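Fold and geometry: a report
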Amino acid sequence: MEAFTRSPIFGEEIPARNSHFTGREEELRTLRQRLNHSAVEVLSQPPQAVFGLGGIGKTEIAAEYAHRYARDYDIVWWVRSEHEDRVRDAFVKLGKRLGITHTDGQRDKSIWAVMDELRGERYDRWLLIFDNATQPEVIKRYLPVGRPHGHVIITSREQQWRRHTKAEGIEVTQFSQEETVEFLRKRVPDLAPCNEQGDALSPETERSRHEDAVRLAVALDNLPIAAEHAAAYLAETRAPVRDYLRMFEENAHALLSEQVDMDYPHAVAATWSISSHQLGEDASELFNLCAFFSPEPMAEELFLTGGRDVHSPPGLADVLGDTRRFRQAARRLHRFSLAKIDGKRNVVMVHRVVQRVTRGQMEIERPQDCDEYRTAVHALLAATNPKNPDRESNDAQYDRSLQHLRPAGALHTQNRDLRQLTIDQVRRLHLRGGHEDSLRLGEEALRAWREKWGRDDEQVLQLAVEVGIAMRLSGRSKEARELNQETFELLTSSFGEDHEVTLICANSYGGDLRTLGRFTDALELDLKLLPLFERVFLSDHPRTLNVRNNLGADYRRLGRFREALEQDQLTYTERERVLGPTDLRTLTSKDAVSHDLRGCGDYDLSLDVARDVITVLTQRTGPETLDSLNAQKSFAVALRKAGHYDEALEESAKAVQRYTEFLGKEHRYTLRAYINRINDLRVTDQLREAEELGRWALALCPKLDTPKGDISWATMVNLALVLRSRNSPEEARTLNEAAMRGMTELYGPDHPFTLQATANLASDLAAVGDMAGARELGERCYEASGLFLGKNHPDTLAMGANLSLDRRATGDQARAEELRAEILRRYKDALTLEHPVARIAQQRGRVNIDIEPY
């Protein structure tokens, strides 16, 4: 505990300091020297691998190092590394401790932000310990190389670490005989170098105890884990060493005679066998059960929540049904060193070698019991399911079971409730932004379930729906569409159109239609789905509200902002009532309202709403998702539309950074944030940077899965504004002509995007001297926008202001002045004459109309 209080950040996963730690001074000294040795590698101190057989003491050495030298580090963090998911979890938790708020809880991308933080200047000294690493090529991706003051320790059974870390590594073998003897004499009262009162022993007693310790050390082959078991047994029972040695020989002979094919030493199995026979019925049942969980920490709730659902073995149900008996059994396992109890976190841990010994022996002697214990584990895991993965407050419960699903064989279970937990975990992960983790678990389970249960099983199809959503969110849009199409057809044919899972899949397919740019088809689908959802799920169910949310998105993409606003306001009101004002889905609806208000031309109110959303998002501690990122982008756009250009530039910089960290630079959603930033750079007169960004974005568009070039057209329009401002009107004209044709095909001639591209093309024509052509386009745009968006909409006013210039240039002075006066009166009501755009109109300048891409 002394090390913990001295270290600013000392991870709670670090094992408690072992008061019986003995020896290993040479290994600790070598580790210390190598970590602090100046070298000319990418890290000044290359990661140090501590490798050796299971149970040899690698973890104990790493934990002792962490406690012994904690005062030398700003951060000491433990990373359980048997599976990549656990590595990622550790980095996410470290991100929370480091206060990286913009990636709080984000499972996919926060690890990169954490590594950036470790490479920065905030923390000069840190220590990461990757415990039980099994895949060097995976761990290598999570090494924050590049900082001279960072230290990494890796414990592993693997020996081939040099080619991955450019360091020799430290091989851990058995104790020396002297170390084993020292450990036994320190741990076992009847072998101690003094009596229980602390007095010196007689020479004869000292010699006898030392000889007994030597004989026991030789029998145990100086294996640390075997010595720990033997010492715990002798300390607990006070049995004579000679009796223990006799039992040890008998158990070892029995194990050898069975010709057990095990990759652990028989000394470990023999000591385990002796200790396990002294446990008593309750502790023995609990011990056997623990062997079928993951070696990761097992929360007490895992055992007690579902105890009533365990029916066999008969004695196990009694232990799990009584908290007092359970804790008493756990403490007995701890006393015999067959398990560790962490009272601070209320978890039980069993060494993976001990688990494998227990399972291996049971598989030989009592295979039927293996099935019963595994079935019991499945029932316990299933019982922890809060059955609402959409609610963030349930995350702690889901986290308790996640790490145990694969090791416990949950992906191959007969237990339907456990399969439902797996489905809910896949959904929960992608809802929290953990697309990679969601897909890794979901696709593995989907392959196994299809093979075992068939492609048309109800739960298989339910899982496929969630996998399809995760695919689309991760950018694998084509695969998502194919999977959703197949899933929908199977659901419809097997369960009908009104089945819950069919409806959920259909709702997901609407997302695929929007991704394809088939907005009218998506609207028709959602209008059809809404009454079905209201009948099957009820009108205020979160699933039904998701459909309403999608309806708002459909109308918005079609440029029908008033109808979108009506839907989104209704959805927001209901989500606030049902889910609460700070739920991310509630905030998402509120952000949609802000977007609709911009579409309607009410820029000030849009900013007020967007500011409210950002304020709550900044205060909440939930995970970051695409929706929270979209709100950040929306806030930047709202600032620009309301005329706060410098603040918009600052906020859009934050937005593109967060999108890049979350999804990578070359992702559809990230690209949209960059396209908006082109406009922020332009209006703040950073034209060279705006052009560079616009050309980069335009070159990237064809690489992405975008429907019919929709992002390309928006990029062309915004880049053309920059080019015309930089005296390149001909190139601007070419881009706007292409954009106008593309948008007409995709959206129709009167869609706001099409009208914006056409109006900007009119300005290009005026810039190259084609005043008649400019006026012709301007007259058409102004009239169409007035009808579609309204006469006081800022886009309509911009088109009218530009048209007045073109009428004047073509000799129609009277009508030009009449229109100009009318436009300025409307600007005063719509934006005020102090708005930057209105001021341009007053000064007889051309007003640019940028695009906020969907």
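Residues numbered from 1 in each chain as written. Predicted model: local features only at pLDDT ≥ 70, side-chain atom pairs only at ≥ 80, totals over all residues. Heavy atoms only, no water.

1. Some thoughts on the confidence of the model for the protein
One rule of thumb: low pLDDT means the predicted coordinates there are not for detailed reading. Which entries qualify depends on this criterion: Summary of the metric used: pLDDT quantifies the predictor's per-residue confidence within the range 0 to 100. Helix and strand assignments follow DSSP, with helices taken as H or I runs no shorter than four residues and strands as E runs no shorter than two, numbered in order from the N terminus. Contacts are assigned to residue pairs with any non-hydrogen atoms lying within 4.5 Å of each other.
Mean pLDDT over the protein: 85, with 91% of residues reaching 70 or higher. For the protein, helix H1 (residues 2-6) is the element with the lowest average pLDDT, namely 40, and helix H38 (residues 794-809) is the one with the highest, namely 97. Below a pLDDT of 50 lies the segment residues 38-44, which in the model reaches 15 contacts outside its immediate sequence neighbourhood of four places, other chains included. In the model, residues 101-105 has pLDDT below 50 throughout and makes 17 contacts with residues more than four positions away in sequence or in other chains.

2. Remarks on the side chain of Arg187
Inclusion rule: Relative accessible area decides the class of each residue, using a 1.4 Å probe on protein chains only: under 20% of the type maximum gives buried, over 50% gives exposed, and in between gives partly exposed.
Inspection of the secondary structure assignment puts Arg187 in helix H8 (residues 177-187). Classification of Arg187 by relative accessible area gives buried; the value is 15%. Non-local contacts of Arg187, meaning those with residues more than four positions away in its chain, are made with His20, Glu228, Ala231, Ala232, Ala235 and Ser337.

3. Concerning the packing of aromatic side chains
For the record, the criterion: The pairing test for Phe, Tyr and Trp rings, Trp by its six-membered ring, is centres within 6.5 Å, and the orientation test on the planes gives stacked under 30 degrees, edge-to-face over 60, and tilted for anything in between.
Under the defined criterion, the tally for this structure stands at ten aromatic pairs. Ring geometry for Phe91 against Tyr142: centres 6.0 Å apart, planes inclined by 35°, an arrangement best described as tilted. Here Tyr142 lies in the loop between helix H6 (136-139) and strand E5 (150-156) and Phe91 lies in helix H4 (residues 84-98), a separation of 51 residues in the sequence. Neither residue differs from the other here; Phe91 and Tyr142 are each classed as buried. Aromatic side chains Phe519 and Tyr747 sit 5.8 Å apart centroid to centroid with 10° between the ring planes, which places their arrangement in the stacked category.

4. Thoughts on the sheet that holds strand E9 (residues 347-349)
How we decide: One bridge is not enough; two strands pair if DSSP finds at least two bridges between them.
Spatially, the three strands line up as an open sheet ordered E7-E9-E8, and their pairing is antiparallel. On the outer flanks of this sheet lie strand E7 (298-299) and strand E8 (340-342), each paired with one strand and no other. Pairing geometry for E8 and E9, over three bridges, is antiparallel. In the sheet register, Ile341 faces E9, and the bridge partner there is Val348.

5. Details of the sheet that holds E5
Which entries qualify depends on this criterion: Between the N-to-C directions of two axes lies an angle of 0 to 180 degrees, each axis being a line fitted to C-alpha atoms and, for a helix, fitted only over the stretch in contact.
One open sheet holds the six strands; their spatial order is E1-E3-E4-E5-E2-E6, and the pairing between them is parallel. If you trace the sheet from one side to the other, it starts and ends with strand E1 (9-10) and strand E6 (170-171), each paired once. Bridging between strand E2 (residues 48-51) and E5 involves four bridges; their strand directions are parallel. Note on E5: the bridge partner recorded for Val50 is Thr155. In this fold helix H3 (residues 58-68) packs onto E1, E2, strand E3 (75-80), strand E4 (126-131) and E5, with an angle of close to 160° to the strand it touches most, E5. Sheet contacts for H4: E1, E3 and E4; angle to E3, the most-contacted strand, approximately 155°.

6. Structural notes on the packing of helix H27 (residues 561-579) against helix H28 (residues 584-600)
Rule in force here: For classification purposes, an angle smaller than 35 degrees is called roughly parallel, one larger than 145 roughly antiparallel, one from 65 to 115 roughly perpendicular, and anything else oblique. Two helices cross in a left-handed way if the nearer one is turned anticlockwise from the farther one by less than a right angle. They cross in a right-handed way if the turn is clockwise.
One can describe the packing of H27 onto H28 by two numbers: an axis separation of 8 Å at closest approach and a directional angle of 160°. With respect to their mutual orientation, H27 and H28 come out roughly antiparallel. Regarding H27 and H28, the two cross each other, and that crossing is left-handed. Facing Phe561, Arg562, Ala564, Leu565, Asp568, Gln569, Thr571, Tyr572, Arg575, Glu576 and Leu579 of H27, the residues of H28 in contact are Arg585, Thr586, Ser589, Lys590, Ala592, Val593, Asp596, Leu597, Gly599 and Cys600.

7. Notes on empty space enclosed by the protein
Gaps left between atoms are located by rolling a probe of water-molecule size over the structure's atoms. Basically, it comes down to this: Only protein atoms enter the calculation, which uses a 1 Å grid: trapped sets of points that fit a 1.4 Å probe without letting it out are cavities, open sets showing protein on both sides within 12 Å along at least five of seven lines are pockets, and any residue with an atom within 4 Å of a point is a lining residue. Grid points are joined across faces, edges and corners, and a volume is the space filled by probe spheres set on the points. When residues are grouped by polarity, Ala, Val, Leu, Ile, Met, Phe, Trp, Tyr, Cys and Pro land in nonpolar, Asp, Glu, Lys and Arg in charged, and all others, Gly among them, in polar.
By the definition in use, this model includes nine cavities of 30 Å³ or more. What the largest cavity holds in volume is close to 180 Å³. Phe561, Arg598, Gly599, Gln756 and Glu852 are the residues nearest the centre of the largest cavity, which is lined by 16 residues in total. Every element with two or more residues in the lining of the largest cavity is listed here: H28 and helix H36 (752-767). Grouping the constituent residues of the lining of the largest cavity by class yields seven nonpolar, four polar and five charged. Taken as a whole, the second largest cavity holds about 90 Å³ of empty space. The element that contributes the greatest number of residues to the lining of the second largest cavity is H4, accounting for three residues. Among the residues forming the lining of the second largest cavity, the class breakdown is three nonpolar, two polar and four charged.

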